Amino acid sequence: MERTLLNELNKRNLDSFVDRARDSWLKRSYWRQFFGLKPTTQLTWESLAGSGGTPVMADVVEYNASMPLKSRKTITKRSGDIPKLGLKFRMDEKDYNDYMTMKALAGGDLNRLAILDIVFGDVEACFDGVMARTEHLCMQALSYGKLTLDANNNNGIITETDVDFGIPSGNKTAVGTIWETSATATPLKDIRNKVKAAKSNGHKITQIVMDDSTFDNLVATTEAKESFAAFRGVTDKTKQFLMLQEINMYLSNHRLPPIMVVDSSVQFEGRDHSKTSIDTWKTGYVAFLTNKMVGNVRHGPIMAENSAAIRKKAIMTKRDHVLIYKFSELEPPAEFTIGQANAFPTFNDVDSIYLLLTTATTWS
């Protein structure tokens, strides 16, 4: 391992570029709206159950009498190992020669776009790659309550292929009529019933989250069009074009929580280097939340960051949970860029999360 071959790279401009990449991700990502970031000294994660709910009220007690004994709140945990998230890019001899050619053609103007693309392109791809995997893990966990890693969405060697965060089975239900059946489906009624079911368990739903396809199915139903025709005071129920803002106004007037639509996708590259677009939110599932911030991404120590030998040879920077570092090898000559994080989503209280499947009549 040797220092970077790219003379334009130093700690200062690497920090600056990663800051820009981070700002861009914060504007377009969804996971930071639901999960915070929480460091841990151990490479393990825990999700909690039973830590929320409506409080048990005190009794009215006669003076000089003993207080009635109540049952203590029981908190259970699901736990596992925090995995490594990472990707690597290599600049080989041909790439390096292209870089030197571009540098010569720039005539000393190192701000030329082509030069910057070569110098910082792999850095951006590494930061975006770790953030994209974080988005995928968080949104899949929130929309389904489970994570499945297989050949269709992961190309690394993993120790756990399925993770169940422990959302109670009673909180996970399906609709009576799938929402694609626009003439007979009753999504507004399904939403109302789900909110009432949560309330009967002592949970007040404040946010509904679904993907864009599920929202499109909702607004296409006869029930939704007829309800909004009455809401708008119009007689033609067939030509209703329903917008999210109006639907949330309707829900608010009926004392129901607002809908948030998730429209997020990432790219997966398989072993053959073919790329496939994957939706981060599991299509057809709706989450009902008591709090929008449902948990944290727990991130643990990274060996490369804490190794004096690696820090001596590599140029590196870290933002949030993502470590970016660059180094070169002499034989065969190559420049490497690595993005890495030891991170995994966790929930504060899975008992307060309710899920509804809209594309089938039985949960799966």
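For the structure, check the block above.
If you're wondering where the values come from, they're calculated on a predicted model, not measured in any experiment.

J.: Can you help me understand the packing of aromatic side chains in this one?
T.: For any pair of aromatic rings, the description rests on two quantities: the centre-to-centre distance and the angle between the ring planes. Per the stated rule, a full pass over the model turns up nine aromatic pairs. When the centroid spacing of 5.2 Å and the interplanar angle of 80 degrees are considered together, the rings of Tyr 285 and Trp 363 count as edge-to-face. With a gap of 78 residues between them, Tyr 285 in strand S12 (residues 285–289) and Trp 363 in the segment after strand S17 (353–357) connect regions that are remote in the sequence. On the accessibility criterion, Tyr 285 (5% relative accessible area) is buried. Note on Tyr 325 and Phe 327: the rings are 6.2 Å apart at their centroids and 25 degrees apart in plane angle, and the pair reads as stacked.

J.: Sorry, what's going on with the pairing of strand S8 (residues 207–211) here?
T.: Here is the key point about a regular strand: its side chains alternate between the two faces of the sheet. For S8, the tally of buried residues reaches five of five residues, placing the bulk of the element in the interior. Every second residue of S8 is oriented toward a common face, with Gln 207, Val 209 and Asp 211 on one face and Ile 208 and Met 210 on the other, all of them buried. Pairing of S8 with S12 involves three bridges; the strand directions are antiparallel. Bridge pairing links Val 209 to Ala 287 in S12. Bridge count between S8 and strand S9 (residues 259–262): four bridges; the pairing is parallel. Its bridge partner lying in S9, Met 210 is registered against Val 261.

J.: In this structure, what is going on with the packing of helix H6 (residues 212–220) against helix H7 (residues 222–232)? I would like to understand it.
T.: The interhelical angle for the contact between H6 and H7, taken along N-to-C directions, is 60 degrees, at an axis separation of 5 Å. By the angle between their axes, H6 is oblique relative to H7. The segment H6 lies against H7, with Leu 218, Val 219 and Ala 220 engaging Thr 222, Ala 224 and Lys 225. Tallied by class, the residues present in the contact of H6 with H7 amount to four nonpolar, one polar and one charged.

J.: Explanation requested: helix H1 (residues 11–28) in the structure shown.
T.: Every α-helix winds through 3.6 residues per turn, so residues three or four apart in the chain are directed the same way. Taking 1.5 Å per residue as the helical rise, H1 with its 18 residues ought to reach 26 Å, and the 26 Å between its terminal C-alpha atoms agrees with that figure. Of all the residues in H1, the buried ones are Leu 14, Asp 15, Phe 17, Val 18, Ala 21 and Trp 25. The buried residues of H1 occupy an angular sector of 165 degrees when projected down its axis, which confines them to one face. For H1, exposure combined with an orientation more than 90 degrees from the buried face picks out Arg 12 and Lys 27. Backbone nitrogen of Arg 12 and a side-chain oxygen of the N-cap are separated by 3.1 Å at the start of H1; the cap is Asn 10.

J.: Whenever I open this one, unusual backbone geometry confuses me. Can you help?
T.: The general pattern is negative phi for most residues beyond glycine and trans for most peptide bonds. In the segment running from Glu 331 into Pro 332, the intervening peptide bond is cis, with an omega of -10 degrees. Positionally, Pro 332 belongs in the loop between strand S15 (322–330) and strand S16 (333–347). Its identity as a non-glycine residue notwithstanding, Arg 255 has a phi of 60 degrees, on the positive side. Structurally, the position occupied by Arg 255 is in the loop between helix H8 (244–253) and S9. In this structure, Asp 320 is a non-glycine residue whose phi angle is positive, near 55 degrees. Inspection of the secondary structure assignment puts Asp 320 in the loop between strand S14 (315–319) and S15. On the accessibility criterion, Asp 320 (23% relative accessible area) is partly exposed.

J.: I keep staring at a positive patch on the surface and nothing clicks. Help me out?
T.: The grouping of Lys 196, Lys 199, Lys 204 and Arg 255 at the surface amounts to a positive patch. The residue Lys 199 is located in helix H5 (residues 187–200) in this model.

J.: Could you clarify how one ought to interpret the environment of Ala 198 in this entry?
T.: Structurally, Ala 198 can be placed in helix H5. We classify Ala 198 as buried; its relative accessible area is 0%. In contact with Ala 198, other than residues within four places in its own chain, are His 203, Ile 205 and Tyr 354.

J.: Got a minute to help me understand the packing of H5 against H7 in this structure?
T.: When two helices pack together, their arrangement is given by the angle between the helix axes and by the axis-to-axis distance. Where H5 contacts H7, the two axes come as close as 7 Å, and the packing angle between them is 90 degrees. Looking at the two axes, H5 sits roughly perpendicular to H7. Taken together, the residues of H7 that come into contact with H5 (itself represented by Pro 187, Leu 188 and Lys 189) are Glu 223, Ala 224 and Ser 227. Residue composition of the contact of H5 with H7, by class: three nonpolar, one polar and two charged.

Definitions and cut-offs
- Residues numbered from 1 in each chain as written.
- Predicted model: local features only at pLDDT ≥ 70, side-chain atom pairs only at ≥ 80, totals over all residues.
- Heavy atoms only, no water.
- Phe/Tyr/Trp six-rings, centres within 6.5 Å; stacked < 30°, edge-to-face > 60°.
- Helix = DSSP H or I, 4+ residues; strand = E, 2+ residues; numbered from the N terminus.
- Buried < 20%, exposed > 50% of the residue type's maximum accessible area, 1.4 Å probe, protein only.
- Pairing = 2+ DSSP bridges.
- Axes fitted to C-alpha atoms, helices over the stretch in contact; angles between N-to-C directions.
- Parallel < 35°, antiparallel > 145°, perpendicular 65-115°, else oblique.
- Contact = heavy atoms within 4.5 Å.
- Nonpolar A, V, L, I, M, F, W, Y, C, P; charged D, E, K, R; others polar.
- Expected span 1.5 Å × (residues − 1).
- Arc of directions from axis to C-beta.
- Polar contact = N/O pair within 3.5 Å; in protein donor to acceptor, adjacent residues only side chain to side chain.
- Patch = residues over 30% accessible without salt bridge, like charges linked within 9 Å, V, L, I, M, F, W, Y side chains within 5 Å.
- Areas by Shrake-Rupley, 256 points an atom, 1.4 Å probe, with all protein chains shown as cover.
- Salt bridge = Lys/Arg side-chain N within 4 Å of Asp/Glu carboxyl O.
- Lys, Arg positive; Asp, Glu negative; His and termini not counted.
- Charge placed at Lys NZ, Arg CZ, Asp CG, Glu CD.

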